[in-house]
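Understanding the architecture of this molecule
What follows is each chain in one-letter form.
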Amino acid sequence: FYQVIRDGCVPQHDVLLTNPPYSGDHFERLLKFCSENNKPALLLIPDHLSKKYVQDYRGNYFFLTPAERYFYWTPEGLRPNEGN
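Residues numbered from 1 in each chain as written. Predicted model: local features only at pLDDT ≥ 70, side-chain atom pairs only at ≥ 80, totals over all residues. Heavy atoms only, no water.

1. Structural notes on the overall build of the chain
Assigned secondary structure in the chain consists of 3 helices and 2 strands. Its helices and strands taken in sequence order, the chain reads α-β-α-β-α from the N to the C terminus. Since a compact globule built from 84 residues should have a radius of gyration of about 12 Å, the 16 Å found for the chain marks it as more spread out than a globular shape. Each principal axis of the C-alpha atoms in the chain carries an extent, and together these give about 50 × 30 × 25 Å. Burial statistics for the chain: of 84 residues in total, 19% are counted as buried. Partitioning the contacts of the chain with sequence separation of at least 6, the portion at a separation of at least 24 is 49%. (Helix = DSSP H or I, 4+ residues; strand = E, 2+ residues; numbered from the N terminus. Rg over C-alpha atoms; globule rule 2.2 N^0.38 Å. Buried < 20%, exposed > 50% of the residue type's maximum accessible area, 1.4 Å probe, protein only. Contact = heavy atoms within 4.5 Å.)

What follows is the structure in structure tokens.
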């Protein structure tokens, strides 16, 4: 993704929709891209990350978070090594 940006080869698009990595400086780099891209962006991020950045980016972004924590689960029998 970052190489595509550096090369100036970002495909034409109307909106960015992504579930970005949260480690390192990935999220800051993505927010920088979104700011410079001037297109709507929908980012699936955990609540703790939105709380971390809401003060810094309040004027530029709208963070929509659930009232309570989501719990993800895998249907029985679909998890690798289940039952071993």
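Now that the structure has been shown, we can carry on.
2. Quick look at the layout of surface pockets
Volume-wise, the largest pocket comes out at about 820 Å³. If you trace the largest pocket, you find 27 residues lining it, with Leu-43, Leu-44, Ile-45, Pro-46 and Leu-64 closest to the centre. Contributions of two or more residues to the lining of the largest pocket are made by helix H2 (26-37), strand E2 (41-43) and helix H3 (47-57). Looking at the lining of the largest pocket residue by residue, the classes come out as 18 nonpolar, 5 polar and 4 charged. (1 Å grid on protein atoms, 1.4 Å probe; cavity = no way out; pocket = protein on both sides within 12 Å on 5 of 7 lines; lining within 4 Å. Points joined across faces, edges and corners; volume = space filled by probe spheres on them. Nonpolar A, V, L, I, M, F, W, Y, C, P; charged D, E, K, R; others polar.)

3. Regarding the packing of aromatic side chains
Inspection of every chain in the model, using the stated rule, returns 2 aromatic pairs. Centre to centre, the rings of Phe-1 and Tyr-2 are 5.6 Å apart; their planes meet at 70°, and the pair counts as edge-to-face. According to the relative accessible area criterion, Tyr-2 is buried, its value standing at 18%. For the ring pair Phe-1 and Phe-33, a centre distance of 5.3 Å and an interplane angle of 80° mean the geometry is edge-to-face. Here Phe-33 lies in helix H2 and Phe-1 lies in the segment before helix H1 (2-6), a separation of 32 residues in the sequence. Of the residues examined, Phe-33 reaches a relative accessible area of 10% and is grouped as buried. (Phe/Tyr/Trp six-rings, centres within 6.5 Å; stacked < 30°, edge-to-face > 60°.)

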